[in-house]
Amino acid sequence: MNKIFLSTKDAFLFYSFIFLMIQITTAVNTFPQILTETYNQTLNISSTAILTCHVRDLGEHHVTWFKLDSSSSLLSPLAVGKQLFTTDTRYSISFYSISPRDSLWSLEIYQLRQLDEGTYV
């Protein structure tokens, strides 16, 4: 059997690298992940739209909802976490945990109008 010997310097670099990899892996595993795939909805006027986002490891971060303004290509914020930034009472936010790591967040728009058509992220 062949034995491999590391110098003190090499051993220090090796263990420092392993320690760094453990720290990076831990940090990456706790960053929030959006698990929802992009999808289109076609709904009738006066119906209710429910846009859902499945998030893993949200922690202290927030789910933020935007509507894309197609004429200016700007994103208009609608909500951050539970806080709505629109005075339109047809909008609401709901959320619940489905496991210690996973939560579902929904942007709900009641009594849809033509002006609600667009891209939401």
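Residues numbered from 1 in each chain as written. Predicted model: local features only at pLDDT ≥ 70, side-chain atom pairs only at ≥ 80, totals over all residues. Heavy atoms only, no water.

Draft legend 1. The arrangement of the overall build of the chain in detail. Across its full length, the chain carries one helix and eight strands. Ordered by position in the sequence, the α and β elements of the chain form the string α-β-β-β-β-β-β-β-β. Carbon and sulfur atoms make up 60% of the accessible area of the chain, which amounts to about 9400 Å² in all. (Helix = DSSP H or I, 4+ residues; strand = E, 2+ residues; numbered from the N terminus. Areas by Shrake-Rupley, 256 points an atom, 1.4 Å probe, with all protein chains shown as cover.)

Draft legend 2. Expanded view of the sheet that holds strand E6 (residues 91–97). If you walk across this open sheet you meet the four strands as E1-E2-E7-E6, and the pairing is antiparallel. A single partner strand is all that each edge strand has here, and the edge strands are strand E1 (33–34) and E6. In the sheet, E6 pairs with strand E7 (residues 102–109) via seven bridges, with the strands oriented antiparallel. In the sheet register, tyrosine 96 faces E7, and the bridge partner there is leucine 104. (Pairing = 2+ DSSP bridges.)

Draft legend 3. Spatial organisation of the side chain of arginine 90. Tracing the backbone through its elements, the reader meets arginine 90 in the loop between strand E5 (83–84) and E6. Exposure remark for arginine 90: the relative accessible area of 7% places this residue in the buried category. At 2.9 Å, the side chain of arginine 90 forms a polar contact with the side chain of aspartate 88. Polar side-chain contacts of arginine 90 include one of 2.7 Å to the side chain of aspartate 116. Contact partners of arginine 90, with chain neighbours within four places excluded, come to Glu108, Ile109, Tyr110, Gln111, Leu112, Arg113, Leu115 and Asp116. (Buried < 20%, exposed > 50% of the residue type's maximum accessible area, 1.4 Å probe, protein only. Polar contact = N/O pair within 3.5 Å; in protein donor to acceptor, adjacent residues only side chain to side chain. Contact = heavy atoms within 4.5 Å.)

Draft legend 4. Representation of the packing of aromatic side chains within the structure. With the rule as written, the count across this model stands at one aromatic pair. Ring geometry for phenylalanine 95 against tryptophan 105: centres 4.5 Å apart, planes inclined by 15 degrees, an arrangement best described as stacked. Residue phenylalanine 95 is located in strand E6, and its partner tryptophan 105 is located in strand E7; the two are separated by ten residues in the primary sequence. Here phenylalanine 95 falls in the partly exposed class, since its relative accessible area comes to 38%. With a relative accessible area of 8%, tryptophan 105 lands in the buried category. (Phe/Tyr/Trp six-rings, centres within 6.5 Å; stacked < 30°, edge-to-face > 60°.)

Draft legend 5. The sheet that holds E5, seen in detail. The four strands are arranged E5-E4-E3-E8 in an open sheet whose pairing can be described as antiparallel. Looking at the sheet topology across the chains shown, the edges are occupied by E5 and strand E8 (119–120). As judged from the two bridges shared by strand E4 (residues 74–80) and E5, these two strands associate in the antiparallel manner. Paired with valine 80 across the strands is glutamine 83, a residue of E5.

Draft legend 6. Structural context of a nonpolar patch on the surface. A contiguous nonpolar surface patch, about 240 Å² in accessible area, is contributed by Leu68, Leu75 and Val121. Relative to the assigned elements, valine 121 resides in the segment after E8. By relative accessible area, valine 121 is classed as partly exposed at 48%. (Patch = residues over 30% accessible without salt bridge, like charges linked within 9 Å, V, L, I, M, F, W, Y side chains within 5 Å. Salt bridge = Lys/Arg side-chain N within 4 Å of Asp/Glu carboxyl O.)

Draft legend 7. Highlighting the pairing of strand E2 (residues 49–56). Burial of the side chains of E2 is restricted to one face: Ala49, Leu51, Cys53 and Val55 are buried, whereas none of Ile50, Thr52, His54 and Arg56 on the reverse face is. Sheet analysis places E1 next to E2, joined by two bridges and oriented antiparallel. Its bridge partner lying in E2, glutamine 33 is registered against arginine 56. Bridge count for E2 against E7 is eight bridges, and the pairing is antiparallel. Of the residues in E7, the one forming a bridge with histidine 54 is leucine 104.

None of the figures reported here should be taken as evidence of function without further support.
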